[in-house]
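Tertiary structure, described
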Amino acid sequence: MARTRAQRRRHSLFLTIALVVTLVVLVFARDVARSAHGAITNQRSENRSFAGLANTLLVQENDFDTRMARLLQSGATLSRPIFDARLNQLDQQLSYWSTSADLLRRPKLAHDINDKIADMTDTRVDDYEEIFATIARSLKLPAPSPSAVGTPSSDPAHSLYVTALKWNQDRFALRHEPGTARLDALTLSSAKLFTSSGVTGLTSSPSLAAVRGIGIAAVSVSPAPLPATRGVLLLPPVSTITLGVSIVNTGFVAQGVTLEVTMSPSNGPLPALRQTFHVELVPLQSYAFTPQVIAVVSGERATLNIRITGAPASAGLTRSKRYRVELSPPGLAALPAG
């Protein structure tokens with residue numbers, strides 16, 4: 001039976017609609033494929049970029065671990081200043097770890113690998129700083145400046161060991177993701193050493209032992225004394241004198257020092273005077289005291305004692321000075337030159 005014109009028209013319309021639908025499906029499928037391919041490409045790029053930055057940080061941590069282990073092993077042969085300098089050099093690196101770890105938190109990657117490496121690094125920073133503080137306390141060294149970002153562990157060496165083992169399991173998280181990124185393992189040398197021996201090898205070292213020594217380096221008097229025999233401060237007729245006392249800490253150890261100045265007149269109306277000062281001296285440093293102005297009278301005779309306490313006297317220095325103070329009578333001033 002011959003088709004009517006209306007039937008042929010409907011058939012052509014259906015063919016046209018089918019062709020349009022097919023084209024739309026094909027275009028949509030192509031866009032989906034391109035989008036998926038682009039997403040995989042972006043993910044591959046992100047994973048590889050993350051791996052490059054993360055491995056840079058991990059290499060730094062492993063290099064640090066090697067240097068820390070070497071310091072624990074050979075530190076007993078070093079002097080206190082050199083050991084302290086190397087400990088501080090290591091400590092100064094830790095703040096950079098935290099900064100690098102925070103930068104790795106974005107963008108988010110599969111299996112939360114970003115937060116795992118950042119959290120692990122922050123924990124290790126705290127653990128190392130606690131170990132440094134323990135070493136400094138044991139050797140009576142100046143403690144490194146803390147930059148801890150969390151709560152330190154009660155057993156930092158064990159925490160270092162555990163976090164390293166945990167990371168060495170987590171580091172395979174991106175192995176089967178786009179880019180097949182490979183993340184480095186962490187080494188355990190310093191954690192093992194500190195767990196087994198702690199600070200025993202360091203505290204038993206003679207070269208790292210704290211040797212204390214203080215002394216009076218110089219005493220100044222204003223107005224300047226007139227020429228006199230040793231131990232005598234012959235002063236012009238003035239109403240006040242000012243002292244300056246410089247003391248030195250010759251040991252590489254923080255040292256508390258007390259300065260005591262006494263002025264005991266043997267004649268005249270003024271009572272005995274006593275001044276006391278306290279200061280914490282940093283290693284191998286000096287400090288200048290300026291006691292309060294001391295009132296005197298013309299013709300006075302007195303004994304001035306300057307004494308420091310807190311540690312033994314250093315070789316070549318003394319912890320006390322004793323002077324006989326003599327004030328010239330009124331009108332007996334030094335003759336002008338010429």
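Bear in mind the structure is a predicted one, so any value in this text is a computation, not a measurement. (Residues numbered from 1 in each chain as written. Predicted model: local features only at pLDDT ≥ 70, side-chain atom pairs only at ≥ 80, totals over all residues. Heavy atoms only, no water.)

Describing the overall build of the protein chain
- Along its length, the protein chain carries 6 helices and 9 strands.
- Buried residues in the protein chain amount to 37% of all 338 residues.
- A separation threshold of at least 6 residues defines the contact pool for the protein chain, and within that pool the share at least 24 residues apart is 74%.
- If you sum the accessible surface of the protein chain, you get close to 18800 Å²; carbon and sulfur atoms cover 58% of it. (Helix = DSSP H or I, 4+ residues; strand = E, 2+ residues; numbered from the N terminus. Buried < 20%, exposed > 50% of the residue type's maximum accessible area, 1.4 Å probe, protein only. Contact = heavy atoms within 4.5 Å. Areas by Shrake-Rupley, 256 points an atom, 1.4 Å probe, with all protein chains shown as cover.)

Quick notes on the packing of aromatic side chains
- A full pass over the atoms with the stated rule returns 7 aromatic pairs.
- Between Phe64 and Phe132, the aromatic rings sit 6.2 Å apart at their centres with planes inclined by 45°, giving tilted as the arrangement. Of this pair, Phe64 sits in helix α1 (residues 5-74) while Phe132 sits in helix α3 (residues 113-139), placing them 68 residues apart in sequence. The pair formed by Phe64 and Phe132 is uniform in burial state, with each residue classed as buried.
- A ring pair is formed by Trp97 and Tyr128, whose centres lie 5.9 Å apart and whose planes are at 80°; its orientation type is edge-to-face. Of the two residues, Trp97 sits in helix α2 (residues 80-103) while Tyr128 sits in helix α3, which places them 31 residues apart along the sequence. (Phe/Tyr/Trp six-rings, centres within 6.5 Å; stacked < 30°, edge-to-face > 60°.)

A closer look at the pattern of salt bridges
- Taken as a whole and judged by the stated rule, the model has 11 salt bridges.
- A salt bridge links Asp122 to Arg105; its shortest N-O distance comes to 3.5 Å. In this pair, Asp122 is assigned in helix α3 and Arg105 in the loop between α2 and α3, connecting sequence segments 17 residues apart.
- Between Glu260 and Arg307 there is a salt bridge, with the nearest N and O atoms lying 3.3 Å from each other. Taken as a pair, Glu260 in strand β4 (residues 255-265) and Arg307 in strand β8 (residues 301-309) lie far apart in primary sequence, 47 residues in all. (Salt bridge = Lys/Arg side-chain N within 4 Å of Asp/Glu carboxyl O.)

As for the sheet that holds β4
- Spatially, β2-β9-β8-β4-β5 is the arrangement adopted by the 5 strands of the open sheet, whose pairing is mixed. Taken across any chain shown, the strands that pair with only one partner, and hence form the sheet edges, are β2 (232-235) and β5 (273-281). Pairs of neighbouring strands in the sheet enclose a mean axial angle of 20°, with direction left out of account.
- As paired strands, β8 and strand β9 (residues 320-327) are joined by 7 bridges and run antiparallel to one another. Residue pairing in the sheet places Ile306 in a bridge with Lys321 of β9. (Pairing = 2+ DSSP bridges. Axes fitted to C-alpha atoms, helices over the stretch in contact; angles between N-to-C directions.)

Notes on the pairing of strand β3 (residues 240-249)
- With respect to burial, β3 is a largely interior element, 7 of its 10 residues being buried.
- With 8 bridges joining them, strand β1 (residues 214-222) and β3 adopt antiparallel strand pairing. From the neighbouring strand, Gly215 faces β3, where its bridge partner is Val248.
- Here β3 runs beside strand β7 (residues 294-295); their pairing, made up of 2 bridges, is antiparallel. Looking at β7, one finds that Ile241 is bridged to Ile294.
- As paired strands, β3 and strand β6 (residues 286-289) are joined by 4 bridges and run antiparallel to one another.

Remarks on the nonpolar core
- Judged by nonpolar contacts, the single largest core of 46 residues is most densely connected at Phe50, Met68, Phe83 and Ile135.
- Looking at this core, the elements with two or more residues in it are α1, α2, α3, α4 (156-170) and α5 (189-197).
- Among all residues touching Met68, those that are not within four sequence positions of it are Leu90, Tyr128, Ile131, Phe132, Ile135 and Ser190.
- Ranked by size, the runner-up nonpolar core spans 26 residues in total, among them Val221, Val261, Ile306 and Ala311. (Core = buried A, V, L, I, M, F, W, Y, C linked by side-chain atoms within 4.5 Å.)

Here's the deal with the environment of Thr77
- Positionally, Thr77 belongs in the loop between α1 and α2.
- Spatially, the C-alpha atom of Thr77 lies 6.7 Å from that of Ser207, the residues being 130 residues apart in sequence.

Brief notes about the side chain of Gln255
- With respect to the secondary-structure elements, Gln255 resides in strand β4.
- In terms of polar contacts, Gln255 uses its side chain to reach the side chain of Arg212, at 2.8 Å.
- With residues up to four places along the chain from it excluded, the contact list for Gln255 reads Arg212, Ile214, Asn249, Val279, Glu280, Leu281, Gly310 and Ala311. (Polar contact = N/O pair within 3.5 Å; in protein donor to acceptor, adjacent residues only side chain to side chain.)

What about α5?
- Every buried residue of α5 is listed here: Ser190, Ala191 and Phe194. The buried side chains of α5 occupy one side of the element, clustering within an arc of 100° when seen end-on.
- Of the residues flanking the end of α5, it is Gly198, one or two places downstream, whose phi is positive at about 55°. (Arc of directions from axis to C-beta.)

Some points on the environment of Leu78
- Within the fold, Leu78 resides in the loop between α1 and α2.
- Not counting residues within four places of it along the chain, the set of residues in contact with Leu78 comprises Leu71, Phe83, Arg86, Ser207 and Leu208.

What to know about α4
- Taking 1.5 Å of rise per residue, the 15 residues of α4 would be expected to cover 21 Å, and the 21 Å separating its terminal C-alpha atoms lies within 8% of that figure.
- Looking only at α4, the buried set comprises Pro156, Ala157, Ser159, Leu160, Thr163, Ala164, Trp167, Asn168 and Asp170. With its buried residues spanning 165° around the axis, α4 presents them on a single face. (Expected span 1.5 Å × (residues − 1).)

Description of the confidence of the model for the protein chain
- Chain-level pLDDT for the protein chain is 88 on average; 85% of the residues reach the 70-or-more range.
- Contacts of residues 333-338 to residues separated by more than four positions or lying in other chains number 1 contact, the stretch itself having pLDDT below 50. (pLDDT = per-residue confidence, 0-100.)

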